[in-house]
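Observations on the model geometry
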Amino acid sequence: MPSTNELSRDGFFGPITASLDWCEANYQFSYYIAELANTLSNLFTLYLAIRGAKKLRQESLPGRFLVGCIGFALIGAGSFAFHASLLYEAQLADELPMIYVASMSIWILYDYQLGFDLSSIQTKSQVAFLVLFDALFTWSYAVYRNPVYHQLVFAALVISCAIRIAYLLNWSPVRTRIPDSKKQVIAQMFTTGAVTFASGFLVWNLDIIFCGTLTNWKRNLGWPAAFLLEGHSWWHLLTGLGTYYMFIGIQCNTLCIKDDHRKFTMARRSWLPYVKRLDK
């Protein structure tokens, strides 16, 4: 897929094989990195994932949350590789973990039995369905290589998570396990994350729609200031932060439902929230 940006050049990874190419000029600043800003902005996602995993280990929280953070890191690493190379294989390394993490989040929200043991028939069935769904999507996306298909499935999963959170907090039979004070915290965390994520989605679309105008603005503004106009990089920053906040909300919600809410509270280290265990 050749780039339509007049500032683009040829680079180390050769012709573009990915089904997507973004507004940022290719190999403009480095022979080895196709999209410099879009590549380096993924370091923020990796930072959030590593920080989240570190806090989970420190607070001795259930392993499923750590697996989620590992998936979050794989998204950042895959996106880094994708934007650095614009190769189709790297595109899959970015897009497939997005589906895996989103579908896993839905499983976490549907597993409301007390305790984190995976031995029950219900939990085993849910995990089997999760694996089957991910396998079927991977196969179907390999056959039908339309990025819009991926985007629609991912959007459906994210929206389903939001609906499930609202149900658990307001109408589900297990809502009484969560005190009102923690419901407010969970709602605040998830809403903050969802709004931040949606803002990234808006910027992502504006970057696509007004690419020609933005390219002219970048040329007139000059670099490095013009990096601030790379909309897809802002998508990485905003959706990364939004995902972090939503996952913190999911963690708190799940711990209150499946454990004892008195064992946990929400805390902050510098500017980022995390779930703190009180019974260590």
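Look up a bit, the structure's there.
Everything numeric here is computed off the predicted structure, so don't read it as measured data.

**With respect to the state of the cysteines**
What the rule picks out here adds up to one disulfide. For Cys23, the disulfide goes to Cys211, at an S-S distance of 2.2 Å. Every disulfide takes its handedness from the sign of the S-S torsion; for Cys23 and Cys211 that torsion is 95°, giving right-handed. Taken as a pair, Cys23 in the segment before helix H1 (36-40) and Cys211 in helix H8 (residues 211-221) lie far apart in primary sequence, 188 residues in all.

**Re helix H3 (residues 63-85)**
With 23 residues, H3 extends 33 Å from end C-alpha to end C-alpha; this agrees with the ideal 33 Å at 1.5 Å per step. Looking one or two residues past H3, Leu86 carries a phi angle of roughly 55°, positive in sign.

**What to know about the pairing of strand S1 (residues 264-269)**
Examined bridge by bridge, S1 and strand S2 (residues 272-277) share six bridges and lie antiparallel to one another. When the sheet's bridge partners are listed, Ala267 is paired in S2 with Tyr274. Linking S1 to S2, which pair antiparallel, is a turn of two residues; within it Ser270 sits at a positive phi near 60°.

**Focus: the pattern of salt bridges**
Within this structure, the stated rule accounts for six salt bridges. Of the charged contacts, one joins Arg64 and Asp111 as a salt bridge, the two residues approaching to 2.8 Å between their closest N and O atoms. Pair noted here: Arg64 is in helix H3 and Asp111 is in the loop between helix H4 (88-110) and helix H5 (121-143), with a separation of 47 residues, a long-range link. The pair Arg64 / Asp111 is uniform in exposure class, with both members buried. The partner of Arg262 in a salt bridge is Asp260, and the shortest N-O contact between them spans 3.0 Å.

About the cut-offs
Residues numbered from 1 in each chain as written. Predicted model: local features only at pLDDT ≥ 70, side-chain atom pairs only at ≥ 80, totals over all residues. Heavy atoms only, no water. Disulfide = S-S within 2.5 Å. Helix = DSSP H or I, 4+ residues; strand = E, 2+ residues; numbered from the N terminus. Expected span 1.5 Å × (residues − 1). Pairing = 2+ DSSP bridges. Salt bridge = Lys/Arg side-chain N within 4 Å of Asp/Glu carboxyl O. Buried < 20%, exposed > 50% of the residue type's maximum accessible area, 1.4 Å probe, protein only.

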